[in-house]
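Listed here are the chains, written in short residue letters.
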Amino acid sequence: MLRKLLLLLVFALVSACSSGGGGELPAGPDLMKKSAEAMKAVKTAAFSISTDGKPKVPVKKADGRLTAAGDADGTITIDLGIGLQEITFALVGDTVHFKGPTGGFQKMTRKDLAQLYDPSLILDPGKGLAHLLATAGDPRVEAEEDGAYRVATTFSGQVLGTLVPGVTQGVNATVWVDKASSRLTKVSLPLQDGTVTVALRDYDAPVTVTPPPAG
């Protein structure tokens with residue numbers, strides 16, 4: 001009788017562990033599809049880009065705000081080949097207002113900016129994060145962390161290069177998808193000689209990007 005009770009207890013414990021673990025995690029492809037659709041509906045977001053090590057990408061650090069209409073503002077630290085340069089920018093319509101550590105604001109076109117880095121593409125439904133998630137390869141949900149699902153996946157260099165200039169090859173990445181909203185919260189991209197991390201927050205908060213004062 002005691003042996004039978006012990007067996008029942010062990011079975012109950014194993015069942016409890018199984019039901020509370022990986023069995024509750026969603027299927028990777030379904031989660032990526034749901035997250036891609038959620039990202040298409042985003043109106044605004046704040047973003048940050050950071051690097052660890054020395055990945056071969058021109059953008060080393062960035063912080064800013066974005067709108068789905070394509071406007072953006074913030075700061076970017078970029079490697080121009082002659083050292084790092086921190087640039088403050090405001091992208092309004094087709095005009096980019098930017099300034100370095102010294103001097104006043106100058107102007108360039110959105111097309112000129114795209115040759116370096118265009119942060120407004122992050123929320124572009126056809127080229128941005130929504131497209132990146134929709135084209136993710138072999139997504140596998142690994143765990144739940146701090147209210148988000150951690151997903152291992154692969155991204156093609158062709159799609160990823162639009163968002164992270166300098167990336168030309170496929171990457172084995174890790175993404176975090178918020179459980180409640182299905183929106184992306186973080187992307188970790190291990191590259192040669194380092195890692196690039198993109199984080200997003202403050203979804204759909206009011207954002208108005210205005211040109212800097214003249215003069």
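Note that the structure is predicted; figures quoted are calculated from it, not measured. (Residues numbered from 1 in each chain as written. Predicted model: local features only at pLDDT ≥ 70, side-chain atom pairs only at ≥ 80, totals over all residues. Heavy atoms only, no water.)

Caption draft 1: View of the sheet that holds strand E3 (residues 72-79). Here 11 strands make up an open sheet; going across it, the order is E6-E5-E4-E3-E2-E1-E11-E10-E9-E8-E7 and the pairing antiparallel. At either margin of the open sheet sits one strand with a lone partner, and together these are strand E6 (106-109) and strand E7 (137-145). The sheet shows a mean angle of 20° between the axes of neighbouring strands, direction not considered. Strand direction decides the pairing type here: strand E10 (residues 184-191) and strand E11 (residues 194-201), joined by six bridges, are antiparallel. What sits directly across from Lys 186, in E11, is Ala 199. The sheet contacts of helix H2 (residues 28-40) involve E7, strand E8 (148-155), strand E9 (171-178) and E10, and relative to E7 the element is tilted by about 85°. (Pairing = 2+ DSSP bridges. Helix = DSSP H or I, 4+ residues; strand = E, 2+ residues; numbered from the N terminus. Axes fitted to C-alpha atoms, helices over the stretch in contact; angles between N-to-C directions. Contact = heavy atoms within 4.5 Å.)

Caption draft 2: Structural view of the confidence of the model for the chain. Residues of the chain with pLDDT of at least 70 account for 89%, and the chain-wide mean is 87. For residues 2-22, every residue scores under 50 in pLDDT, and the model assigns this stretch two contacts once sequence neighbours within four places are set aside. (pLDDT = per-residue confidence, 0-100.)

Caption draft 3: Layout of the side chain of Ser 188. Mapping Ser 188 onto the fold places it in strand E10. Apart from residues lying up to four places away in sequence, Ser 188 is in contact with Ala 173, Thr 174, Trp 176, Thr 195, Val 196 and Thr 197.

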